[in-house]
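# Reading the structure
Single-letter residue listing:
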Amino acid sequence: MKKWIQRATAGAFAAALLSSTAFAADFTHCADALRDMELFIGTKHGYELERTPTRAEAAVMLVRLLGQEDTAKSKTYKTPFRDVPKWAAPYVGWLYENQLTVGMSETKFGTTALCNAQQYATFLLRTLGYADGDGYTYKTALDYAKTLGVIDAVNYDSKKFLRDHMVAMSYTALSREVKSDEGMLLDTLIAQGSVNANKAAHTKTLFDNNNTYTQLRAQEQGKAQSYTLSATVSAANGAEIAYTGKAVTEGKDLAAELRHNDALMVGIYQKGGVRHQFINGKTSKLALIEPKTIPVSAILELTQKNDIYAFSLAPAVLNQTMQGASLGQVSYSAKVEGNGVGQQIARIQINMPVGGKKDTYKIEMRVEPTGDLGSIFVPDGMEI
């Protein structure tokens, strides 16, 4: 039984660090939020998040995202494109007139061509007021979108771009500042009357809280800090194991580990541009973790009260960090202390196959700043 509890802890530990690897996810909650603001409809078959969008569908998404569908349909536009059907003409025409698309060639929009992450990132950059050549080119659009927070650790896949990612990137873009420094894109759309303020109130509050929290965490990045860790893993049959540990961060370097009865169970060590992970007695080299806060597209709910930020995260977005298990519930809270973050608590429910059937484990992990700067520690014999 203990090895399965250890495996559950390892998966939760990895999920808590929000690995920077992009993967397929389920952003239905983002689609729901956009629908509630009348910025997304889907198709006659539903959201269809599991398939790749066409460029025409991306055009419709953009026009609706900006609250301009009625305006687009009320006019007739002239474009040089010869491959745009009647149903898509208002959307492509509006984008062309507002310099948000240039097409795939002088005479071809590419209506039925599949849209990829790079193309959609370019569309969103233009939507935020960044014209081509304004800090990026088409080839560097993905990287530039990352610097602006339009793309994050989970909301896109450069190899298999789906309508799921299109929705998540669109939702994320609403929380980002427009180039003219007029606040979030969502604020701009509300001020213009393109989005109903009452229908957007819940999402706006979530975005505001997340942006404030993100700024708070940004102030801590680069500082040397030490933490004590504790975790309790409870199985459905009542079995329970307690872990204790420590963590240290120094800029982009970090070390964190959990032990049970002084035996190292889980550890993550990153230094000098190299990262290793120790789980279940094995050490492996992994991709680097950049210091990040929680991607807004992964958040179901976020409240701020009495200096405590309380997050409810979308399990489906994080599931592929779980190595075959599935998350049932993920919550996280952080208390503001002075100009930084104090106690942090993560609660995770994991469903994991054991002996041919799925068992459920509940994990509570606590992080407490120690005030002692400490230094990066590495287990004996581990080269990083």
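Below or above, wherever it landed, is the structure these notes cover. (Residues numbered from 1 in each chain as written. Predicted model: local features only at pLDDT ≥ 70, side-chain atom pairs only at ≥ 80, totals over all residues. Heavy atoms only, no water.)

With that settled, consider the nonpolar core. A general trend in soluble globular proteins is that nonpolar side chains are found buried together. In terms of nonpolar packing, the biggest core is built from 107 residues, with L34, Y120, L174 and F311 touching the most fellow members. Ignoring any residue separated from it by four or fewer positions in sequence, one finds L174 in contact with L34, M37, L39, L65, M184, L185, L186, L189 and F207. Counting residues in hydrophobic clusters, the runner-up holds seven residues, among them A255, Y269, F278 and I376. (Core = buried A, V, L, I, M, F, W, Y, C linked by side-chain atoms within 4.5 Å. Buried < 20%, exposed > 50% of the residue type's maximum accessible area, 1.4 Å probe, protein only. Contact = heavy atoms within 4.5 Å.)

Approximately 420 Å³ is the volume attributed to the second largest pocket. No other element matches helix α9 (residues 185–192), which puts four residues into the lining of the second largest pocket. (1 Å grid on protein atoms, 1.4 Å probe; cavity = no way out; pocket = protein on both sides within 12 Å on 5 of 7 lines; lining within 4 Å. Points joined across faces, edges and corners; volume = space filled by probe spheres on them. Helix = DSSP H or I, 4+ residues; strand = E, 2+ residues; numbered from the N terminus.)

This paragraph deals with the packing of helix α3 (residues 55–65) against helix α6 (residues 117–127). The geometry of α3 relative to α6 is characterised by a closest axis approach of 11 Å and an angle of 25° between their N-to-C directions. Overall, the two elements α3 and α6 adopt an arrangement that is roughly parallel. For the pair α3 and α6, the sense of crossing is right-handed. Across from R55, A58, M61, L62 and L65 in α3, the residues of α6 making contact are Q119, Y120, F123, L124 and T127. The class makeup of the residues in the contact of α3 with α6 is seven nonpolar, two polar and one charged. (Axes fitted to C-alpha atoms, helices over the stretch in contact; angles between N-to-C directions. Parallel < 35°, antiparallel > 145°, perpendicular 65-115°, else oblique. Left-handed = near helix turned anticlockwise from the far one by under 90°. Nonpolar A, V, L, I, M, F, W, Y, C, P; charged D, E, K, R; others polar.)

Further remarks concern the environment of A131. You can see A131 is positioned in the loop between α6 and α7 (141–147). Of the residues examined, A131 reaches a relative accessible area of 43% and is grouped as partly exposed. When the C-alpha atoms of A131 and Q99 are compared, they prove to be 8.5 Å apart, with 32 residues separating the residues in sequence.

For the rest of this paragraph, the subject is the packing of α3 against helix α8 (residues 163–174). Contact pair α3 / α8: the axes reach a minimum separation of 11 Å and the direction vectors enclose 25°. Relative to α8, the element α3 is oriented roughly parallel. Along this stretch, α3 crosses α8, giving a crossing that reads as right-handed. The segment α3 lies against α8, with E57, A58, M61 and L65 engaging R163, M166, S170 and L174. Each residue belonging to the contact of α3 with α8 can be placed in one class, and the counts come to five nonpolar, one polar and two charged.

Before going further, it helps to spend a moment on the side chain of R64. Relative to the helices and strands, R64 is located in helix α3. You can call R64 buried: its relative accessible area is 16%.

This paragraph deals with helix α2 (residues 28–36). Within α2, burial applies to H29, C30, A31, A33 and L34. Among the structural elements, α3, α8, α10 (197–220), β7 (299–305) and α11 (315–318) are those in contact with the buried residues of α2.

Attention shifts here to helix α5 (residues 89–97). Restricting attention to buried positions, one finds in α5 the residues P90, Y91, V92, G93, W94 and L95. Elements that come into contact with the buried residues of α5 comprise α3 and α4 (69–73).

Glancing now at the side chain of T188. With respect to the secondary-structure elements, T188 resides in helix α9. Sequence-distant contacts of T188, defined by excluding residues within four places in its chain, comprise V178, E182 and G183.

A few words now on the pattern of salt bridges. Pairing of side chains with opposite charge becomes possible as their charged atoms draw close. Applying the stated criterion across every chain, the model contains 16 salt bridges. Residues E38 and K199 are paired through a salt bridge, measuring 2.4 Å at the closest nitrogen-oxygen approach. Of the two residues, E38 is situated in the loop between α2 and α3 and K199 in helix α10; the sequence distance between them amounts to 161 residues. The class of K199 is partly exposed, set by a relative accessible area of 39%. Between D134 and K179 there is a salt bridge, with the nearest N and O atoms lying 2.3 Å from each other. Linking D134 in the loop between α6 and α7 with K179 in the loop between α8 and α9, this pair joins segments that are 45 residues apart in sequence. Residue K179 is classed as partly exposed on the basis of its relative accessible area, which comes to 38%. Bridged by salt links that share partners, the residues E48, R51, E57 and R163 form one connected network. (Salt bridge = Lys/Arg side-chain N within 4 Å of Asp/Glu carboxyl O.)

Quick look at the pairing of β7 now. Inspection of the sheet shows β7 paired to strand β8 (residues 308–313) by six bridges, in the antiparallel sense. Among the inter-strand pairings, L302 is bridged to a residue of β8, identified as F311. Between β7 and β8, which pair antiparallel and follow one another directly, the connecting turn spans two residues, one of which, N306, has a positive phi of 55°. (Pairing = 2+ DSSP bridges.)

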